[in-house]
Amino acid sequence: MNTTGPAPKGLRLIPFRGLRYVPERVGSLAAVTSPPYDVVVRPDGLHHLESADPHNIVRLILPQAATAADRHRQAASTLRRWLAEGVLAPDPEPALYVYEQRRGDLLQRGVIGALALSTPAEGVVLPHEDVMPDIVEDRAALMRATATNLEPLLLTYRGEDGSADSPADTTAARNGTTAVVERTALREPLLSTTTEDGFCHRLWSVTDPAELAEIESDLADRQALIADGHHRWATYLRLREEHPASAAGPWAYGLVLLVDTARHPLQVRAIHRLLHRMPVADALAALEAVPGSFRVRTLEGTLPEAVEALSDAANAGTEAREGAGAGAGFPANNAFLLAGDGRFHLIDRPDAALLAHTVRADRPAEWRALDATVLHSTLLDHIWKIPDAPEHISYIHDTEAAVEQAERHGSTAVLLHPVREEVVRELARQAVTMPRKSTSFGPKPATGLVLRSLADG
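Residues numbered from 1 in each chain as written. Predicted model: local features only at pLDDT ≥ 70, side-chain atom pairs only at ≥ 80, totals over all residues. Heavy atoms only, no water.

A. Representation of the overall build of the protein chain in the model. Along the protein chain, the regular secondary structure elements total 15 helices and 21 strands. Within the span of the protein chain, comprising 457 residues, buried residues form 55% of the whole. A separation threshold of at least 6 residues defines the contact pool for the protein chain, and within that pool the share at least 24 residues apart is 80%. (Helix = DSSP H or I, 4+ residues; strand = E, 2+ residues; numbered from the N terminus. Buried < 20%, exposed > 50% of the residue type's maximum accessible area, 1.4 Å probe, protein only. Contact = heavy atoms within 4.5 Å.)

Encoded structure:
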């Protein structure tokens with residue numbers, strides 16, 4: 001694709017020769033996979049993956065060395081060695097890949113391919129969160145060193161023929177991408193493995209020219225939302241700019257998983273904050289120093305009971321906003337759960353005057369009402385005065401892990417309630433980005449099932 005030409009109208013997903021593990025060269029496919037790099041947050045989680053198999057993909061996405069440059073060189077060296085030893089090998093012909101994740105009643109299917117890159121201004125792929133420059137730089141350096149897309153982003157789009165009520169009914173979609181996905185899932189897969197989280201993963205290749213053309217035609221007028229992978233998408237765009245002579249070459253595309261959420265709705269979870277240098281007692285004292293800023297209650301009971309109380313408080317705020325109408329301005333409630341001292345503290349009912357003073361007014365009401373907006377603008381910036389920098393704040397997906405780390409290190413975990421997908425999509429359509437790490441869509445694709453070499457054309 002010529003990046004200097006007219007803006008693309010829709011999604012262009014092209015086949016590629018997937019790099020995949022050779023089953024005979026590894027202990028098991030499940031043992032070499034990993035969650036996405038930003039979900040592997042705990043040192044014990046990293047060590048667990050490294051010890052699962054000497055060829056676990058985490059050695060490429062999160063290499064361990066003294067300096068960043070050494071880490072990236074190590075990943076590139078490891079990748080070259082695995083290719084030379086036949087641990088990883090390219091598929092014989094370019095393909096799109098149908099990917100399925102299943103656990104119990106949860107079923108998600110999508111298609112993996114190389115997607116033509118576009119900027120947010122072009123309105124084809126919509127981001128909904130800001131990114132952190134240091135993470136983009138690290139991912140870009142890793143991708144330069146390896147010349148490989150090591151893990152797919154998760155993108156969503158809304159198909160027209162799928163049935164959200166009966167996603168397993170293959171008669172609901174009779175043509176287009178979703179139809180190809182569902183037909184393909186009836187065939188014998190390239191691989192099938194079950195990871196320790198209970199998810200069964202299956203992968204198929206699509207090489208038939210008629211089916212590839214069906215997907216191309218269907219996606220040509222569609223728009224996608226970045227569900228997971230904002231930093232990697234920003235990395236793709238940065239590296240495309242570094243390769244202007246290859247405007248239609250491999251650096252003009254990035255590895256993605258596209259999921260039709262009309263057919264397979266995603267789950268939306270919150271991403272929690274860990275405040276490294278602030279004990280819970282200090283966080284509560286700072287709130288008390290601003291009388292009436294928030295209501296603060298200490299809860300009795302277990303973590304699941306505290307999370308349920310957080311949900312009740314957050315949903316009460318949502319219901320109050322909807323009852324007051326879209327023009328009512330700030331919400332009746334934003335709610336957060338503080339943990340780290342062996343107890344749980346629910347803070348909610350922020351003072352409306354405080355919100356008006358601390359939250360910028362040049363954004364839509366939906367953005368100003370977000371819990372993440374109030375957390376960063378009112379609590380972190382104004383009351384707690386904590387910089388949004390890695391040495392001060394970590395972003396953790398797992399609720400139990402956030403609480404465990406806070407208690408272990410005497411810091412504060414701030415637990416959030418997830419935002420609804422329709423709010424995310426509406427803000428993205430308005431080109432309004434949410435505070436970084438506001439949402440966690442899932443299930444996320446497993447890393448290590450298929451990679452894309454940028455040296456393969």
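B. Focus on the sheet that holds strand E3 (residues 88-90). Strand order in this open sheet of four strands is E3-E2-E21-E7, and the pairing throughout is antiparallel. The strands lining the two open edges of the sheet, one partner per strand, are E3 and strand E7 (148-149). Relative to strand E21 (residues 451-453), strand E2 (residues 18-21) runs antiparallel, the two sharing two bridges. Note on E21: the bridge partner recorded for Leu-19 is Leu-451. (Pairing = 2+ DSSP bridges.)

C. Quick peek at the nonpolar core. The biggest cluster of nonpolar side chains holds 85 residues, and the ones touching the most others in it are Tyr-21, Ile-112, Leu-155, Trp-233 and Leu-258. Here this core takes six residues from strand E12 (residues 253-260), the largest share from any one element. Tyr-21 has contacts with Val-26, Leu-29, Val-32, His-55, Asn-56, Ile-57, Trp-82, Val-87, Leu-88 and Gly-448, leaving out every residue within four places of it along the chain. By size, the runner-up hydrophobic cluster in this structure holds 28 residues, among which are Leu-275, Met-278, Ala-372 and Val-374. (Core = buried A, V, L, I, M, F, W, Y, C linked by side-chain atoms within 4.5 Å.)

D. Here's a closer look at the environment of Leu-117. Among the secondary structure elements, Leu-117 is positioned in the loop between strand E5 (106-116) and strand E6 (125-126). When its relative accessible area of 0% is taken as the criterion, Leu-117 is described as buried. The sequence separation of Leu-117 and Tyr-253 amounts to 136 residues, and the corresponding C-alpha distance is 5.3 Å.

E. Just the packing of aromatic side chains, in detail. Going through the model one piece at a time under the given rule, you end up with four aromatic pairs. Measuring from centroid to centroid gives 6.2 Å for Tyr-21 and Trp-82, while their planes differ by 50°, and the two rings are tilted. Residue Tyr-21 is found in strand E2, and its partner Trp-82 is found in helix H4 (residues 68-85); the two are separated by 61 residues along the sequence. For Trp-82, a relative accessible area of 1% translates into the label buried. (Phe/Tyr/Trp six-rings, centres within 6.5 Å; stacked < 30°, edge-to-face > 60°.)

F. Local environment of the pattern of salt bridges. A full pass over the atoms with the stated rule returns 24 salt bridges. Residue Arg-295 pairs with Asp-348 through a salt bridge whose shortest N-O separation is 2.9 Å. Taken together, the residues Arg-295 in strand E15 (residues 295-299) and Asp-348 in strand E17 (residues 344-348) connect sequence positions 53 residues apart. What makes Arg-295 partly exposed here is its relative accessible area of 28%. Arg-408 serves as the salt-bridge partner of Glu-404, at 2.5 Å between the closest nitrogen and oxygen. With a gap of four residues between them, Glu-404 and Arg-408 both fall in helix H14 (residues 399-409), about one helical turn apart. (Salt bridge = Lys/Arg side-chain N within 4 Å of Asp/Glu carboxyl O.)

G. Highlighting the packing of H4 against helix H5 (residues 133-146). Their axes nearest at 8 Å, the elements H4 and H5 cross at an angle of 35°. Classified by chirality, the crossing of H5 by H4 is right-handed. Each of Arg-71, His-72, Ala-75, Ala-76 and Leu-79 in H4 lies in contact with H5, whose residues at this interface are Asp-138, Ala-141, Leu-142, Ala-145 and Thr-146. Its residues assigned to classes, the contact of H4 with H5 comprises six nonpolar, two polar and two charged. (Axes fitted to C-alpha atoms, helices over the stretch in contact; angles between N-to-C directions. Left-handed = near helix turned anticlockwise from the far one by under 90°. Nonpolar A, V, L, I, M, F, W, Y, C, P; charged D, E, K, R; others polar.)

H. The packing of helix H6 (residues 176-184) against helix H7 (residues 209-219), seen in detail. Closest axis-to-axis distance for the H6/H7 pair is 7 Å, and the angle between their directions is 145°. Contacts between H6 and H7 involve Gly-176, Thr-177, Ala-179, Val-180 and Arg-183 from the former and Glu-211, Glu-214, Ile-215, Asp-218 and Leu-219 from the latter. Looking at the contact of H6 with H7 residue by residue, the classes come out as four nonpolar, two polar and four charged.

I. Just unusual backbone geometry, in detail. With an omega dihedral of 5°, the bond running from Gly-442 to Pro-443 counts as a cis peptide bond. Position of Pro-443 among the secondary structure elements: in the loop between strand E20 (440-442) and E21. Backbone geometry places Ala-147, a non-glycine residue, at a positive phi of 50°. Along the chain, Ala-147 falls in the loop between H5 and E7. Even without being glycine, Ala-431 reaches a positive phi, approximately 60°. Among the secondary structure elements, Ala-431 is positioned in the loop between helix H15 (421-429) and E20.

Purely spatial values, then, with no claim about function.
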